[in-house]
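# Structural overview for review
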Amino acid sequence: MFMHVGLSLGARRQYADAELDDYGMPRGMGHLRGGVEHVERLHIPWHGSSVTLAEESEIHPRPNRRDEPVYFRPHEQSEFSTREIENGVEATWRGLTNGEEVFADDRLTIAAWVEPGTGHVAFKASAASPERGVFGVQVPIANLHADHDFIIPSFSGIMVNRRMTTGLKTFDGLRNFLEARVVGIKGRDGSVGLWAQDDLFYNHYLFFHWSGRAFSLAFEHLNLMPFEDHDRTESVVYYLDVFDGGWVDAMTPYRDWYRERFAEEMKLRASTEWADRIRIIIDSFAKDDSEMLARVAEMFEPDTVLFHEWNARAPGFDTELPDWTPREGYADRVRAIQEHGFRTMAYVNTYCVNYNSPVFQRDNIAEFGLTRKRNWYLRGTERKAGRRPRPTPRRSPPISCSFKAKWSRVATATSAMTRNRESTSSPTWAWILAWTLKSLTGEYGRCPTSAGRASPEWSRYAGPAARKK
């Protein structure tokens, strides 16, 4: 149940090749029954941090590992059916496996269609299980060849390509580390865009895998917590298309949708004119150094400088939220900075509540908030005192480009994305959306041999071995 982008008739471009047989991505329905610890390991919020890199070997001990215990996908013995829908097809598999056990009543459905007018390919997935614990679903785009650059909107924009370390990277959409649900993929000639037009911003992750031979990626749609309450899930609609130009063209449909849908919010943001003049942000400085402030005021136009304080709250960083009591001396410091004409800003954490903190209890947040009592999911702050030390970063090729080159590209991209452009329509190319529904060699284990004997991988699913937990 991977999707392959194998096109096109006119330009003979090919972005993916199923013959690469490279399936290192989690896929299908996510379910807690496979082990909460595996959900935690696969949902690390800081992409490319030392924690992520150090644990890649645990997540994928070999480049083409084919299964994760918490993801359940079709296999050779799944019941398979299709039906036509408007401009497309819907496929359903009944009976899913995580590579070790088979659950006969689990279901996965994928619907794909062509959007009238634009020609975009749209798809969505849903999954259900008689056993509660469903946390999400994902359908990867697989076997993308090695000559691609991926532009990912994380921390203002990064580029990843074949120079990155092999393994699985996760980008968190819950706490703004993934800033938009769109990826621009630049190929040898032309580009691919993958995006969602979701104005409710449902919880999600971006999974990104590089095996050393091929790339795979997927947006994972997540249920609301607590996951233990859910026996089904349904993703938002995702869009996929190819473009003659580069990654800016591939991201243009998302930008156009966002501009139209949030026109009022963007108008309000643009009305804050002073923010456009900021050129320098100072986030590390002596807190009571008036001489330093005077020197900075002499060197730069004060209204182009912003002093940023990472923790203006009385409690420690990331603790006792939502207690926003100002730290002692903060208000006086702001007044002193602003007297020189500078702008000021204090960090506001998007991780806005610590479970059972004093204010949590005082305001009875448990009565109206979705609580995370165990807090395994994002390595939360309530167990900080006992968390293991951060491992030493691995000396390996970085996930992103160098700082200087990165910000040069970000500046260029921002200019290109924000200037007025003519609407970009999709090229009239033929699409081939192929789920590997036959010749399941490789994706779901080996099929029976011509001599009628099953390979060791196949035998796990055959006969009595196909059992429901």
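Right, let's walk through the structure included here. The structure presented is a predicted model; accordingly, all values stated were derived computationally and were not measured.

Let us look at the overall build of the protein chain. Within the protein chain, the regular secondary structure consists of nine helices and 20 strands. The buried share of the protein chain, taken over its 469 residues, is 50%. Here the analysis covers contacts within the protein chain between residues at least 6 apart in sequence; of these, 73% occur between residues at least 24 apart.

Looking now at the nonpolar core. Within the largest apolar cluster, 43 residues are counted, with the highest numbers of intra-cluster contacts made by Leu-144, Phe-150, Ile-152, Phe-208 and Leu-217. Once you skip the residues sitting within four places of it in the chain, Ile-152 turns out to touch Gly-157, Ile-158, Val-160, Phe-171, Leu-178, Val-183, Leu-206 and Phe-208.

In this structure, the amide linkage connecting Met-225 to the following residue, Pro-226, adopts the cis form with an omega of 0 degrees. Cis peptide bonds are those with omega within 30 degrees of zero, and the linkage from Leu-321 to Pro-322 qualifies with 5 degrees. Note on placement: Pro-322 falls in the loop between β19 (305-309) and α6 (330-339). Residue Phe-201 is not a glycine yet carries a positive backbone phi of 55 degrees. Looking at the secondary structure, you find Phe-201 in the loop between β13 (191-196) and β14 (204-210). Residue classification places Phe-201 among the partly exposed positions, given a relative accessible area of 41%.

Here we come to the packing of aromatic side chains. Tallying each qualifying case throughout the model produces 24 aromatic pairs. Between Phe-150 and Phe-208, the aromatic rings sit 4.8 Å apart at their centres with planes inclined by 80 degrees, giving edge-to-face as the arrangement. Of this pair, Phe-150 sits in strand β9 (residues 149-152) while Phe-208 sits in strand β14, and the two are 58 residues apart along the sequence. Comparing Phe-150 with Phe-208 shows no difference in burial state: the two are buried. A cation over an aromatic ring shows up here: Lys-287 above the ring of Phe-285, its NZ or CZ 4.6 Å from the ring centre. One cation-aromatic arrangement involves Arg-313 over Trp-324; the distance from NZ or CZ to the ring centre is 5.4 Å.

Summed over all chains, the structure comprises 18 salt bridges. With its nearest N and O atoms 3.3 Å apart, the salt bridge here joins Arg-213 to Asp-22. With Arg-213 in the loop between β14 and β15 (215-222) and Asp-22 in the segment before β1 (28-31), this residue pair connects regions lying 191 residues apart in the sequence. Using a relative accessible area of 42% as the deciding quantity, one classes Arg-213 as partly exposed. Between Arg-181 and Asp-198 there is a salt bridge; the shortest N-O distance is 2.5 Å. A residue pair is termed long-range when its members are at least 10 positions apart, and Arg-181 in the loop between β11 (167-172) and β12 (182-186) and Asp-198 in the loop between β13 and β14 qualify at 17 residues. Asp-198 sits in the buried class, given a relative accessible area of 7%. Connected via shared salt-bridge partners are Arg-33, Asp-106 and Glu-131.

What follows is about the pairing of β9. In terms of strand pairing, β9 meets β12 through three bridges, oriented antiparallel. If you follow Ile-151 over to β12, its bridge partner there is Gly-184. When β9 meets strand β10 (residues 158-160), the two strands line up antiparallel, connected through three bridges. Among the inter-strand pairings, Phe-150 is bridged to a residue of β10, identified as Val-160.

What follows concerns helix α5 (residues 290-299). Considered for burial, the residues of α5 that qualify are Met-292, Leu-293 and Val-296. The buried residues of α5 occupy one face: seen down the axis, they fall within an arc of 100 degrees. Exposed and facing more than 90 degrees away from the buried side of α5 are Ser-290, Glu-291 and Glu-298. One side-chain oxygen at the N-terminal end of α5 lies 3.2 Å from the backbone nitrogen of Glu-291; it belongs to Asp-289.

Right, let's get into the side chain of Ser-129. Inspection of the secondary structure puts Ser-129 in the loop between β6 (121-128) and β7 (134-138). Look past the residues within four positions of Ser-129 in its chain and what remains in contact with it is Met-29, His-31, Arg-33, Asp-106, Val-134 and Asp-231.

What follows concerns the packing of helix α3 (residues 247-261) against helix α4 (residues 263-270). Where α3 meets α4, the closest approach of the two axes is 5 Å, and the angle between their N-to-C directions is 85 degrees. Taken together, the axes of α3 and α4 are roughly perpendicular relative to one another. For the pair formed by α3 and α4, the contact residues are Tyr-258, Arg-259, Glu-260 and Arg-261 on the first element and Ala-263, Glu-265 and Met-266 on the second. Taken together, the residues that form the contact of α3 with α4 break down as three nonpolar, no polar and four charged.

Strands sit in the order β18-β19-β20 across an open sheet of three strands; the sheet is parallel. Two strands bound the open sheet, and with one partner strand each, they are β18 (280-282) and β20 (343-346). Taken over all neighbouring pairs, the strand axes of this sheet differ in orientation by 25 degrees on average, direction set aside. In this structure, β18 lies alongside β19, joined through three bridges in parallel fashion. Following the sheet pairing, Ile-281 is matched in β19 by Leu-306. Strands in contact with α6 are β19 and β20; relative to β20, the strand with the most contacts, it is inclined by about 155 degrees.

Next up on the list: the pairing of β1. Looking at chain direction, β1 and β7 are connected through four bridges and run antiparallel. When the bridges of β7 are listed, Gly-30 appears paired with Gly-136. Pairing analysis gives two bridges linking β1 to strand β2 (residues 71-72), with the strands arranged antiparallel. Residue Met-29 lies in a different strand from β2, and its bridge partner there is Phe-72.

Analysis parameters
- Residues numbered from 1 in each chain as written.
- Predicted model: local features only at pLDDT ≥ 70, side-chain atom pairs only at ≥ 80, totals over all residues.
- Heavy atoms only, no water.
- Helix = DSSP H or I, 4+ residues; strand = E, 2+ residues; numbered from the N terminus.
- Buried < 20%, exposed > 50% of the residue type's maximum accessible area, 1.4 Å probe, protein only.
- Contact = heavy atoms within 4.5 Å.
- Core = buried A, V, L, I, M, F, W, Y, C linked by side-chain atoms within 4.5 Å.
- Phe/Tyr/Trp six-rings, centres within 6.5 Å; stacked < 30°, edge-to-face > 60°.
- Lys NZ or Arg CZ within 6 Å of the ring centre and 35° of its normal.
- Salt bridge = Lys/Arg side-chain N within 4 Å of Asp/Glu carboxyl O.
- Pairing = 2+ DSSP bridges.
- Arc of directions from axis to C-beta.
- Polar contact = N/O pair within 3.5 Å; in protein donor to acceptor, adjacent residues only side chain to side chain.
- Axes fitted to C-alpha atoms, helices over the stretch in contact; angles between N-to-C directions.
- Parallel < 35°, antiparallel > 145°, perpendicular 65-115°, else oblique.
- Nonpolar A, V, L, I, M, F, W, Y, C, P; charged D, E, K, R; others polar.

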